[in-house]
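# Summary of the model geometry
Chain residues, written in single-letter form:
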Amino acid sequence: MKLDFYKPINETLRKYIKGYYFIAKNQDSGPIKYWTFPNNYCILTVNQQFEVEDKGDLVAISSSETNNIMTCVVSRYTKPMQIFYKELVDELTIYFHPLGINHFIEDPAKLFIRKTQIDINFLDGFNDKMRTLFSLDRASQIIELESYLLSKLKADKDLTIFRQMLADLENELTVDQLAKKYHFSRQYINRLFLRNLGKSPSEYKKIHRFRQALKMQHKSKRFSLLLNTGFYDQSHYIKDFKAFTALNPNSFFKDVDVNKENVWLIVE
């Protein structure tokens, strides 16, 4: 399946959104399966005229004659997830940077109550706007989507301290070190992360380390460089890698193109 991954044209939106892609309904497409792997983005997906089965590590999507539309958000998964399209349906998927989606909603805690939120009311009138969007050509979809998101942006939200904490974790500070630096208890920091990010600080750090290793690996096959991403040794690297992909690193890099924006393992 070929997808065009669009980075926001608007510079302001780029602060909060990594990118987005569209899928157009095509009942003649045939089945498509792929595995997706843990990341620290908050992923919002809108589908139209479809049916969905969510079985935890398998999401099956098929076309429907019902004129429905649904918005779902996935903020947390620590194992590979298989996506199975029985045929393609209308879809928009947006990848929000960590904390990015918080600038579009009043109370992030409600969004992160569960790892996956199905059929949510993301913004007032959002689904109706998306229904209109699906009827447009691609160039118009991009213009309308970005214009709409800009109109809903709450750019004045101050998340400076939280962003500093994320940067500290990415630089391999421990939760104990965060607690000491910011004069918070470990328990308070953990609650803060769950309410605002949907995952614990240790989980965020572990996934960030894994994703940095993917970026590093396609540049160099030398394991010594991977130690710069925070792994203690090669066994630590392999253990985490298998936990997130269910594959050993050699098999993964043989079958997955990590240069693409969507790091997926397509199942033939």
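Above this note sits the structure.
All values reported here derive from a predicted model rather than from experimental measurement.

This part covers empty space enclosed by the protein. According to the stated counting rule, one finds one cavity of 30 Å³ or more in the structure shown. What lines the largest cavity is a set of 14 residues, among which Cys 42, Pro 98, Leu 99, Phe 112 and Leu 197 lie closest to the centre. Looking at the lining of the largest cavity, its residues break down into seven nonpolar, six polar and one charged.

Once that is clear, we can look at the pairing of strand β2 (residues 32-36). Residues Ile 32, Tyr 34 and Thr 36 line the buried face of β2, whereas the alternating positions Lys 33 and Trp 35 sit on a face that is not buried. Here five bridges tie β2 to strand β7 (residues 81-85), and the two strands are oriented antiparallel to one another. Following the sheet pairing, Tyr 34 is matched in β7 by Ile 83. Strand direction decides the pairing type here: β2 and strand β10 (residues 264-267), joined by four bridges, are antiparallel. When the sheet's bridge partners are listed, Lys 33 is paired in β10 with Val 267.

Time to look at the nonpolar core. One finds Phe 122 and Met 130 to be the most contacted residues of the largest nonpolar core, which totals 30 residues. The set of elements that each furnish at least two residues to this core consists of β1 (17-23), β3 (42-48), β6 (69-74), β8 (90-96), α3 (126-133) and α4 (138-152). Non-local contacts of Met 130, meaning those with residues more than four positions away in its chain, are made with Val 46, Ile 69, Leu 92, Leu 145 and Tyr 148. Residues Leu 3, Ile 32, Tyr 34 and Ile 83 belong to the second largest nonpolar core, which totals 21 residues.

The strands that make up a sheet are held in pairs by hydrogen bonds between backbone atoms, and each pair lies either parallel or antiparallel. The five strands are arranged β4-β5-β7-β2-β10 in an open sheet whose pairing can be described as mixed. Each of the sheet's edge strands pairs with one partner strand only, and the pair in question is β4 (50-54) and β10. Put simply, the sheet's adjacent strands are angled 20° from each other on average, direction ignored. Relative to strand β5 (residues 58-63), β4 runs antiparallel, the two being bridged by five bridges. Looking at the pairing, Glu 53 lines up with Ala 60 of β5.

With that settled, consider the environment of Ile 118. Inspection of the secondary structure puts Ile 118 in the loop between β9 (116-117) and α3. Measuring from C-alpha to C-alpha, the distance between Ile 118 and Val 73 comes to 6.7 Å, with 45 residues separating the pair along the chain. Leave out the neighbours within four places in its chain, and Ile 118 touches Asp 54, Met 70, Thr 71 and Cys 72.

If you check the backbone angles, Glu 172 has positive phi at about 75° while not being a glycine. Here Glu 172 shows up in the loop between α5 (160-170) and α6 (175-182). For Glu 172, a relative accessible area of 27% puts it in the partly exposed group. Positive phi values are uncommon outside glycine, yet His 183 reaches one of about 60°. Within the element layout of this structure, His 183 appears in the loop between α6 and α7 (186-196). Of the residues examined, His 183 reaches a relative accessible area of 71% and is grouped as exposed.

Helix α8 (residues 201-217) packs onto α5 with a crossing angle of 55° between their chain directions and a minimal axis gap of 9 Å. In terms of orientation, α5 and α8 fall into the oblique class. Once α5 is placed against α8, the crossing between them reads as right-handed. Judged by residue contacts, Leu 166, Leu 169 and Glu 170 of α5 engage Pro 201, Tyr 204, Lys 205 and His 208 from α8. Broken down by class, the residue content of the contact of α5 with α8 amounts to four nonpolar, one polar and two charged.

Right, let's get into the sheet that holds β1. A sheet is described by the order of its strands in space; here five strands give the open sequence β1-β8-β3-β6-β9, paired in antiparallel fashion. In this open sheet, the two strands that pair with only one neighbour each are β1 and β9. Of the pairings in the sheet, the one linking β3 to β6 comprises six bridges and is antiparallel in character. Note on β6: the bridge partner recorded for Asn 47 is Met 70. Each of β1, β3, β6 and β8 is contacted by α3, which is oriented at about 110° to β6, the strand it contacts most. Docked against the sheet, α4 engages β1 and β8, running at close to 140° with respect to β1.

Cut-offs applied
- Along each chain, the written sequence defines residue order, and numbers are assigned to residues from 1.
- With pLDDT at 70 or above as the cut-off, local features in this predicted model cover only qualifying residues; side-chain atom pairs require 80 or more to be listed or tallied, and sums for whole chains, interfaces and linings still use all residues.
- Hydrogens and water are ignored here; the side-chain numbers use all heavy atoms of the structure.
- Space inside and on the surface of the protein is sampled on a 1 Å grid over the protein atoms alone, with a cavity defined as a set of points where a 1.4 Å probe fits but cannot get out and a pocket as an open set with protein on both sides within 12 Å along at least 5 of 7 lines; lining residues have an atom within 4 Å of a point.
- Grid points are joined across faces, edges and corners, and a volume is the space filled by probe spheres set on the points.
- Note on residue classes: Ala, Val, Leu, Ile, Met, Phe, Trp, Tyr, Cys and Pro are nonpolar, Asp, Glu, Lys and Arg are charged, and everything else, Gly too, is polar.
- Relative accessibility decides the category of a residue: with a 1.4 Å probe and only protein chains considered, values under 20% of the type maximum give buried, values over 50% give exposed, and everything between is partly exposed.
- Each helix is a run of H or I in the DSSP string that is no shorter than four residues. Each strand is a run of E no shorter than two, and both are numbered from the N terminus.
- Strands are labelled as partners when DSSP assigns at least two bridges between them.
- Working definition of a nonpolar core: buried Ala, Val, Leu, Ile, Met, Phe, Trp, Tyr and Cys residues. They are joined through side-chain atoms within 4.5 Å.
- Contacts are assigned to residue pairs with any non-hydrogen atoms lying within 4.5 Å of each other.
- Axis lines are fitted to C-alpha atoms, over the contacting stretch for helices. Their N-to-C directions set the angle, which ranges from 0 to 180 degrees.
- Each angle is binned into one of four classes, with values under 35 degrees roughly parallel, values over 145 roughly antiparallel, values of 65 to 115 roughly perpendicular, and all other values oblique.
- Working rule for handedness: look at the near helix, and if it is turned counterclockwise from the far one by less than a right angle, call the crossing left-handed; if clockwise, right-handed.

Worth remembering: the numbers are spatial, not functional.
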